Structure formats: C-alpha cells, structure tokens
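This is what each chain is made of:
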Amino acid sequence: MGGPGAIAEVAFDAGEAAGPVLAAWRLALTAALDALGWPVELHIRQHDDGHGHPGADLVFAAPPDHLYLATDINDWAIQAANATTRDAVGAAGAGDPARQLPAWRETIAHEQQPRVAALRTAAAARDLPILADDDELTIGHGRRAVSYPARLPPPPEAVPWDSLGRVPIALITGTNGKTTTARLLARIALKAGFTPGNTSTDGMSVAERPLEAGDWTGPSAARTVLRHPEVDLAVLEVARGGILRRGLGVDRCDAAAVLNVSADHLGEYGIHDLAAMASVKAVVGSIVAPHGRVVLGAESPPLVDLVARGHRFPAAIAWFARDEHHPTLAAHLASGGEAWFVSATGRLTRGRGDHRDELVAIAELPFCFGGAASHNVRNALAAAALASALGLPDPAIVAGLRSFHASVSDNPGRANLAIVAGVQVFLDFAHNPDGIRSLHGLLTALRGPRRLLLGIGVAGDRSDETIRDLARAAHELAPDQVIVRDLEHYLRGREPGEVPALLRDELIRLGHPASALTTASDEVDLLRRGLAWAEPGDLVAILVHVERDEIQAELRRLGAIADPGPDPRPA
C-alpha cells in the first residue's frame, strides 16, 4: 500500500483457525468502507510468534485527514469478526455498519479539512511532497519548503508555489552498518557543497551539527529533518520497526540501500525468517525514482535470493561487494549493470559494464584500517554508490571518504580506539552475531600477538538461539578473557542474569575455560575490570550498547589517548 491507512495487529489462541475470523473482518470492513464511500483496499499479513500462536496485521487504505476514525473502524471490524465467529448470541448483525454510520459521518464532518484537501490536490498537480502531522503541514523539503499550522493552512492561491521543491533523498537500511554508511554519505554531501540532514540510530543532525540525540529512524525524524530550513539533501536511516509500524515517511527518494540482512530482531512484528526480513527492508527500494539506484549488498545471501526470486524495483540495482569476481557482481557487470568493489590494486572502484573507474585506495581511508575493517570497506562501497546515484561528483566522494575517521567525533560508538597506559581499548556497537563476526579481521590485526579481552551483552528480546549464536561468534574471535553483562534497561521480559547465564553456558560448552569468564554489573564496570586484567599491548574490546557517554567519561578520567589513528598497535 503506497499511501496512508490504518493498521491493527491481532493475535489468536494457539491452534485456533485464523481464516474464519479474517474472512469475517474482511466482510465487515468492506461493508463499512462501501457505506462511507471510501476505496476498498485491504491487506492481511498473517504470521505467528514462533511459538504456535498465530497472528495477523490488518491494514486498509484511508483518507489522510480521517486516520483516527479509520483506526476506530478497524477496531469495530475486528470486534464484529470476533462476534460473528465466536459469539453465537452476538453474531446477528455484528458485521452491519448501519448503527455506526451516523457517528462515523459526524466524525468525518468534524475532521473534514477542505483547505488541506485543496492543498494536497494542488501540491500533487505540481509533483510536490506534503509532510503532515498533528501540528504542521509542510509543502516541499528543506530550503524549498514552507510550513503552516496543520489546522489553519492557507488557501492554495496564497502558497508561494514557485519557491517550493524537493531535495535529493537517500534511504539506508539493513541489519548492520546503517549509521556508519549514513554518516559517510552525509560527509560526502558536505564535501560536495550540500547541507545534509541526517537521521540515524544515534540522533538527528544537519551539516553534522546534532539536533537531537536518540534513536531517530522513523517517519517523525524524516519529517523533522526535511522541514529544516537549511537542508538541501537528506540521508535517512530507516529501521525495520519503523517500516512495519509507520511506513517510510517520504513518498519518493532518489537512492536507497539495503546493506545486508542477517539474524537480528527475528520474531518481532511477525517477521521470523531472513526472507521475510529481506522483503521488509526492500521496501525502501520500492519508492526510488526511475532515475535513481537501489544499492544492494551482494555478500548478503538473503538479498541475492530476494532478487533471484523475482523481486523488482522501479530503479536499476547497483550491487556492491569487496570482490569484483563475486558471482552476483560478475553476472551483473556482464549484463551491463553497475557494481562497486575493491579492485585487484586495492582501490574502491565503480564498474559499469566493461568500464571501470578507480576512485581511491582503501589504504587511504582511515576508518578502514588498511582494509582490516572489512565491514567498513563495505560501508564505504555502499556510501560511494549512493553518492554517485545522487549525482554527487567523484572528487567529493573521494574527499569525503578520505576525511572520515573511526573517531568519537566522526563515528561515535563505531570502531573507536583509545590507549590507556599502553592498553588498547576498542569500542563498537556490534550487537548481533554477524556484527561481531564482521569485526574478526580488524580485532585480529589490532591484537597481533597479544591477548584479547572481549566484553559482550545482548538485549533480552532475542531468542535463546540468537543469544547462543552471539556467544559462538564471540568464541570465534579466540578471546583470552570474556566478560558478560546484562543490559539493565533492555531485559525485555528476561530475568536479571538470565542472558549472561546463556552466554556463559554456551561459551563453556564451546570449550572456553570457566576461569576466563566473569560477569560485570554494567559497561563501565566491564571497562574497569578489563583494564585491571590487561597488560600493556593487550586489546580490550567492549561492545558498548547503552553507556557510551559514561565509558567515554571514564576513559577521559583515566587519561586515555583518544583516536590514535588507523594503526595504533605498538611497534
């Protein structure tokens, strides 16, 4: 569904047949929409919670100025379906909307906004976007936008239409690497002379100036950035939760990337496997304008499978992978398509059919650590592909990538390094098995012949198997010492100590000595324990999820040398 609507998530008892209830909902809702004269566009997405309890998302299109009423109508249709199929006494007339129509029509009359409707019609005729919420109605984007009070907009003839327009927009999603890729693209846009607005898991910013901290990856963040009067290009990180619950927040973009899809957040909102997750994340590509590009990670099998199954986008695909000879890249290039990769000479390269443009050596990109940070090499390829799709010039791509560091100032919480009394301290946000595995090459290079301490934790809403897989990924790094912890504010239904116990049990099962396993109360405690254990030259790697600022404050207190550069290892 490409426009506004109402959605309800329903659950059924274990073993209950959902079909009759869903059919009754469809009949009741169709009758209500027909009676109101609204279009009948219904969608049902069935799923289960992974434990035998079926559920469904019930969605239908509705006019943008009647969405509150639409949610009430959805509730009525669900109650009518329940009565029809479960309550013989209340079944008679349950799906007949006649008794509700007077109240619904009164609400429609009260909510009717003829000026808003006229503005929407006038904006659509000029191919201009509208951003609307309870407080504001905005026509256009950024520097080319004008905003009015949502309930008191002017008539169309009072709008300065000639000054309004769209700005280039890129959407970025995936399981890992979204925030770094968004920051890289925003830096490239700055080098190209733009004032980029950026939303991410870490907050909102304009021209790299913070607007507000926090997890801002949904439609409200997109509206905030696209209303900012300085913004003339937008880089919007998009999370699967926002896609599933609230949509994208924009009607069109010029480029979109799905970096990768791996096992994280499975079991939430009815998404239980990688194929379904890939379909959710691919929604960002569904609104890319035909002139743009959909950038996909070829090293992520679920994305390759998605396209192989016949998924189509309105714009051409640009694949990226480190190896030019990756089968997906090789086939795409052979057919004349676009792909991004690292050449045999170690340079970030754009290929189009038989043509090659080598832009910059990976060794010149500080955040790639000479190529050891393979995950950041992929992020660089994706950011460059998006920048090219937005029409940003190659010199700006090179300048942006060269200027970006794995530092607290450029990329807080991602591959940050510090030295404390000769001990290397590595901080990263990796929070799922694939994220940890992606650090293998970098941590191996930083560690060298010395010892490694690894500090890990995970939110409680992950399945037992996902938590065990995270322990397996940690074990593959061959750490000499492991410290586990709870995420106190992310227990999400787990008992305190339950997640650390799962991690410990799996590590011991894999052969890690129990004597080399300890538990910390929080992330700062973990840092202190790690430094007490370490000797000069050792590497203390902490996967920081919730106490990043507190960790940085502790490092400053300890006199840490921050951001020592791309190769901080002792000679």
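Up top is the structure.
Structural notes, computed from the coordinates. (Residues numbered from 1 in each chain as written. Predicted model: local features only at pLDDT ≥ 70, side-chain atom pairs only at ≥ 80, totals over all residues. Heavy atoms only, no water.)

## Observations regarding the overall build of the protein chain
Logical step 1: Looking only at helices and strands, the protein chain features 18 helices and 24 strands.
Logical step 2: The C-alpha atoms of the protein chain give 26 Å as radius of gyration, which agrees with the globular expectation for 571 residues (25 Å, within 12%).
Logical step 3: Residues counted as buried form 54% of the 571 residues belonging to the protein chain.
Logical step 4: Once local pairs closer than 6 in sequence are excluded, the contacts in the protein chain between residues at least 24 apart make up 66%.
Logical step 5: For the protein chain, the accessible area works out to roughly 23,600 Å², and carbon and sulfur atoms hold 52% of it.
Logical step 6: Between the averaged position of the 53 positive side-chain charges in the protein chain and that of its 70 negative side-chain charges there is a distance of 4 Å. (Helix = DSSP H or I, 4+ residues; strand = E, 2+ residues; numbered from the N terminus. Rg over C-alpha atoms; globule rule 2.2 N^0.38 Å. Buried < 20%, exposed > 50% of the residue type's maximum accessible area, 1.4 Å probe, protein only. Contact = heavy atoms within 4.5 Å. Areas by Shrake-Rupley, 256 points an atom, 1.4 Å probe, with all protein chains shown as cover. Lys, Arg positive; Asp, Glu negative; His and termini not counted. Charge placed at Lys NZ, Arg CZ, Asp CG, Glu CD.)

## Thoughts on unusual backbone geometry
Logical step 1: A positive phi angle, close to 55°, is found at aspartate 127, a residue other than glycine.
Logical step 2: Mapped onto the elements of the fold, aspartate 127 is located in the loop between helix H4 (114-125) and strand S4 (130-132).
Logical step 3: Notably, alanine 207 is not glycine yet its phi reads approximately 50°, a positive angle.
Logical step 4: Along the chain, alanine 207 falls in the loop between strand S9 (203-206) and strand S10 (209-213).

## A few points about the side chain of histidine 141
Logical step 1: The topology assignment puts histidine 141 in strand S5 (residues 136-141).
Logical step 2: By relative accessible area, which is 1% here, histidine 141 ends up buried.
Logical step 3: Residues within four places of histidine 141 in sequence aside, it is in contact with Pro129, Leu131, Gly165, Arg166, Val167, Ile169 and Leu226.

## A few points about the pattern of salt bridges
Logical step 1: Under the counting rule described, the total for this entry stands at 40 salt bridges.
Logical step 2: Its salt-bridge partner being arginine 293, residue glutamate 338 comes within 3.1 Å of it at the nearest N-O pair. With glutamate 338 in strand S15 (residues 338-342) and arginine 293 in strand S13 (residues 288-297), this pair connects stretches of sequence that are 45 residues apart.
Logical step 3: By relative accessible area, which is 5% here, glutamate 338 ends up buried.
Logical step 4: Take arginine 293: its relative accessible area is 24%, and that puts it in the partly exposed class.
Logical step 5: Measuring nitrogen to oxygen at the nearest pair gives 2.7 Å for the salt bridge that ties arginine 494 to aspartate 464. With arginine 494 in the loop between strand S21 (481-485) and helix H16 (498-509) and aspartate 464 in helix H15 (residues 464-475), this residue pair connects regions lying 30 residues apart in the sequence.
Logical step 6: In this structure arginine 494 comes out as buried when scored by relative accessible area, which is 13%.
Logical step 7: Accessibility expressed as a relative area gives 31% for aspartate 464, which makes it partly exposed.
Logical step 8: Shared partners join several salt bridges into a network, and the residues in it are Arg437, Glu465, Asp469, Arg472, Glu476, Glu506 and Arg509. (Salt bridge = Lys/Arg side-chain N within 4 Å of Asp/Glu carboxyl O.)

## Some words on the sheet that holds strand S1 (residues 5-11)
Logical step 1: Strand order across the open sheet formed by three strands is S1-S3-S2, with antiparallel pairing between neighbours. Both outer strands of the open sheet, S1 and strand S2 (42-48), are each paired with one neighbouring strand and no more. Neighbour-to-neighbour, the strand axes of the sheet open up by a mean angle of 15°, direction not taken into account.
Logical step 2: Where S2 lies against strand S3 (residues 54-61), seven bridges are found, and the strand directions are antiparallel. When the bridges of S3 are listed, isoleucine 44 appears paired with leucine 58. (Pairing = 2+ DSSP bridges. Axes fitted to C-alpha atoms, helices over the stretch in contact; angles between N-to-C directions.)

## As for the nonpolar core
Logical step 1: If you look at the biggest cluster of nonpolar residues, it comprises 72 residues, and the most contacted ones within it are Leu185, Leu348, Phe367, Leu401, Phe426 and Ile456.
Logical step 2: Top contributing element to this core by residue count: helix H11 (residues 374-389), with ten residues.
Logical step 3: Membership of the second largest hydrophobic core comes to 46 residues, among which are Ala278, Val280, Ala298 and Phe341. (Core = buried A, V, L, I, M, F, W, Y, C linked by side-chain atoms within 4.5 Å.)

## Describing H11
Logical step 1: End to end, H11 covers 23 Å across 16 residues, agreeing with the expected 22 Å (1.5 Å per residue, within 8%).
Logical step 2: Taking burial as the measure, the 16 residues of H11 include 15 buried ones, the bulk of the element.
Logical step 3: One or two positions beyond H11, positive phi appears at glycine 391, with a value near 85°. (Expected span 1.5 Å × (residues − 1).)

## As for helix H2 (residues 67-86)
Logical step 1: In this model H2 runs 28 Å from its N-terminal to its C-terminal C-alpha over 20 residues, within 8% of the 28 Å that 1.5 Å per residue would give.
Logical step 2: Here H2 has its buried residues at Leu69, Ala70, Ile73, Asn74, Trp76, Ala77, Ile78, Ala80, Ala81 and Ala83.
Logical step 3: Of the surrounding elements, those touching the buried residues of H2 are S1, helix H1 (19-36), S3 and helix H3 (101-111).

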